[in-house]
Every structure is written in structure tokens, then in C-alpha cells.
Amino acid sequence: MDNNAPGAGGSKGGLGSLFGGGGPEYSNTELSGVPLTGMSPLSPYLNVDPRYLLQDTDEFILPTGANKTRGRFELAFFTIGGCCITGAAFGTVNGLRMGLTETRDMAWSKPRNVQILNMVTRQGASWANTLGSVALLYSVFGVAIEKARGAEDDLNTVAAGTLTGLLFKSTSGLKGAARGGLVGLALSGLYALYSNWNHLKGTSPSHY
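Residues numbered from 1 in each chain as written. Predicted model: local features only at pLDDT ≥ 70, side-chain atom pairs only at ≥ 80, totals over all residues. Heavy atoms only, no water.

Chemist: Help me understand the overall build of the chain, please; the structure alone is not making it clear to me.
Modeler: The secondary structure content of the chain amounts to seven helices and zero strands. The N-to-C order of helical and strand elements in the chain reads α-α-α-α-α-α-α. Here the chain holds 208 residues, and the buried ones make up 19% of them. Considering only residue pairs separated by 6 or more positions, the chain has 50% of its internal contacts joining residues 24 or more positions apart. (Helix = DSSP H or I, 4+ residues; strand = E, 2+ residues; numbered from the N terminus. Buried < 20%, exposed > 50% of the residue type's maximum accessible area, 1.4 Å probe, protein only. Contact = heavy atoms within 4.5 Å.)

The structure is reproduced here in C-alpha cells:
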């Protein structure tokens, strides 16, 4: 039977058109020359140009005019919540230490357990309130300065930290407010230096 009969060719053409065929057929010799590593400009196996599959950009879509990094307003919620949790954890550990120290002369009994529990609760709430308040003031100042200046840089960080220290310790008098401002200036300056350390060393920082 002749393999070149019109019926055989028609059946091949029908199956080829059914599965998106109609393209050129490749022999084993031609396919053996296709490199296994990398991607050739045109793949003999697919009707798709592999160059369209290579994406050098980020794999997420941003709204028009949006930045790739979070702003201060978005980070404010994380900052306040993280400081509250950190303060509560530190206060719990500190309260447990203080409770065990103050009741070391007492025998293990219900009054001692209640006293330790009260110390843990009091210290945890106090430290959570303190750090949460500091984070709230810092976030408010940071957002306000960013909106007023229309720019986001390390100057906003240093200014927000200094104003936070001044306002937080303002009830301690002029000297206490000055000390709080200096502490805020020092901490915010160290944070700005840490965040720009890679830039100062001349290496590009990694973005997450």
C-alpha cells in the first residue's frame, strides 16, 4: 500500500489541524541540534516563542502610581503592633523575674503564685503601653512629616524619632524632654545608618 496516498496525508493533516498543527515537521537529525540548556529563540516543540516566557520584571501588579515599597502609613500598623507585642513579652519576662525575686522568701503557695501573676500582668501591660505609645507617636510624626515635605527619606526618620523623644518625655520638664529628644535622635540616627549601610559600603541592597 502506498504511504503517499491522499488518504494518509489527509488523515495526518486532519489530526495536525485538530491539535493546532499545520506547522513544519522536524526530523530526528534537526531535533538533535537543539540545545538542552537555555532556551532557543524558537522552540520546535511549541507554537510559542519562549522569549515571551522570560519575565525580568516583578511578578506582581501594582496600581498606577503606587510604589514598590510600603509607605509610612502602611508600616505604622506593623510598627505599633510589633512594639506592643515586644513590650508585652519583655514586660512578662521582667515581671516574672521581679515576682520571683520579691517572693523568694515565701513558700510555694497560692498567695505567692497570685503575687507573681499580678507582677507579670502589671509589668506586661506597662511595657506594652509604653512601647506602643512610643511607636504611635513615631508613626504619627513620620506620616505628618512625609505629607508636609512631600518626600520620603532618612530625614523624616531622624526628625520623627527626635520629636517622639521630646514629646514622650515632655512631662519630665525641659531637661527630661531634651534628654528624650537626644535619645530619639540617637536611636533614629542609628536606624538610618543601619538601613543605608549597604549603600555606604558601595553595594546594592537586596529588596524583599
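Chemist: Got a minute to help me understand the UniProt feature "transmembrane region" (unreviewed entry) in the chain in this structure?
Modeler: The residues that UniProt annotates with the feature "transmembrane region" (unreviewed entry) are residues 75–96, 127–145 and 176–194. What you have in residues 75–96 is 100% helix and 0% strand, and the ends, taken at the C-alpha atoms, are 31 Å apart. In the segment residues 127–145, helix accounts for 100% and strand for 0%; the C-alpha atoms at its two ends are 27 Å apart. (UniProt positions renumbered as here; feature names shortened; annotations may be inferred.)

Chemist: I tried to follow the environment of Thr-86 on my own but got confused; where do I start?
Modeler: Secondary-structure assignment places Thr-86 in helix 3 (residues 72–102). As for Thr-86 and Gly-124, which are separated by 38 residues in sequence, their C-alpha atoms are 9.5 Å apart. Here Gly-82 takes part through its backbone oxygen, which lies 2.7 Å from a polar atom of the side chain of Thr-86. (Polar contact = N/O pair within 3.5 Å; in protein donor to acceptor, adjacent residues only side chain to side chain.)

Chemist: So what exactly am I meant to see when it comes to the packing of aromatic side chains here?
Modeler: What describes a pair of aromatic rings is the distance from one ring centre to the other and the angle between the planes of the rings. Summed over the entire model, instances satisfying the criterion amount to two aromatic pairs. Ring centres 5.4 Å apart and planes at 85° place the aromatic pair Phe-73 and Phe-77 in the edge-to-face group. A residue pair is termed a helical-turn pair when its members lie 3 or 4 positions apart in one helix, as Phe-73 and Phe-77 do in helix 3 at four residues. On the accessibility criterion, Phe-73 (52% relative accessible area) is exposed. (Phe/Tyr/Trp six-rings, centres within 6.5 Å; stacked < 30°, edge-to-face > 60°.)

Chemist: Looking at this structure, I do not really get the pattern of salt bridges. What am I missing?
Modeler: Pairing between side chains of opposite charge can happen when the charged atoms of each approach one another. Applying the stated criterion across every chain, the model contains one salt bridge. For the salt bridge of Arg-149 with Asp-153, the shortest nitrogen-to-oxygen distance reads 2.9 Å. We classify Arg-149 as partly exposed; its relative accessible area is 39%. Judged by its relative accessible area of 30%, Asp-153 falls in the partly exposed class. (Salt bridge = Lys/Arg side-chain N within 4 Å of Asp/Glu carboxyl O.)

Chemist: Honestly, the side chain of Thr-157 in this entry has me stumped. Any pointers?
Modeler: Here Thr-157 shows up in helix 5 (residues 154–168). Apart from the residues lying within four places of it in its own chain, the contact partners of Thr-157 are Arg-72, Tyr-138, Ser-188 and Tyr-191.

Chemist: I would appreciate a short explanation of the packing of helix 5 against helix 6 (residues 173–195) in the present structure.
Modeler: Helix packing for two helices is described by the angle between their axes and how far apart those axes are. Contact pair helix 5 / helix 6: the axes reach a minimum separation of 6 Å and the direction vectors enclose 155°. In terms of orientation, helix 5 and helix 6 fall into the roughly antiparallel class. By crossing handedness, the relation of helix 5 to helix 6 is classed as right-handed. Contact residues: Asp-154, Thr-157, Val-158, Gly-161, Thr-162, Gly-165 and Leu-166 in helix 5; Ala-177, Ala-178, Gly-180, Gly-181, Gly-184, Leu-185, Ser-188, Gly-189, Tyr-191, Ala-192 and Ser-195 in helix 6. Per-class residue counts for the contact of helix 5 with helix 6 are seven nonpolar, ten polar and one charged. (Axes fitted to C-alpha atoms, helices over the stretch in contact; angles between N-to-C directions. Parallel < 35°, antiparallel > 145°, perpendicular 65-115°, else oblique. Left-handed = near helix turned anticlockwise from the far one by under 90°. Nonpolar A, V, L, I, M, F, W, Y, C, P; charged D, E, K, R; others polar.)

Chemist: Even after reading the chapter, I still don't get a nonpolar patch on the surface, so can you show me in this structure?
Modeler: Among the surface-exposed residues, Val-183, Leu-187, Leu-190, Leu-193 and Trp-197 lie close enough to one another that they form a single nonpolar patch of about 510 Å² accessible area. Looking at the nonpolar patch element by element, the count peaks at four residues for helix 6. Checked against the element boundaries, Leu-187 lands in helix 6. The class for Leu-187 is exposed, based on a relative accessible area of 56%. (Patch = residues over 30% accessible without salt bridge, like charges linked within 9 Å, V, L, I, M, F, W, Y side chains within 5 Å. Areas by Shrake-Rupley, 256 points an atom, 1.4 Å probe, with all protein chains shown as cover.)

Chemist: Which parts of the structure should I look at to understand helix 3?
Modeler: Along an α-helix, a turn takes 3.6 residues, which lines up residues three or four apart on a common side. With 31 residues, helix 3 should cover 45 Å at 1.5 Å per step; its first-to-last C-alpha distance of 43 Å lies within 8% of that length. All of the buried residues in helix 3 are Arg-72, Ala-76, Gly-87, Gly-91, Asn-94, Gly-95 and Gly-99. Of the surrounding elements, those touching the buried residues of helix 3 are helix 4 (110–149) and helix 5. (Expected span 1.5 Å × (residues − 1).)

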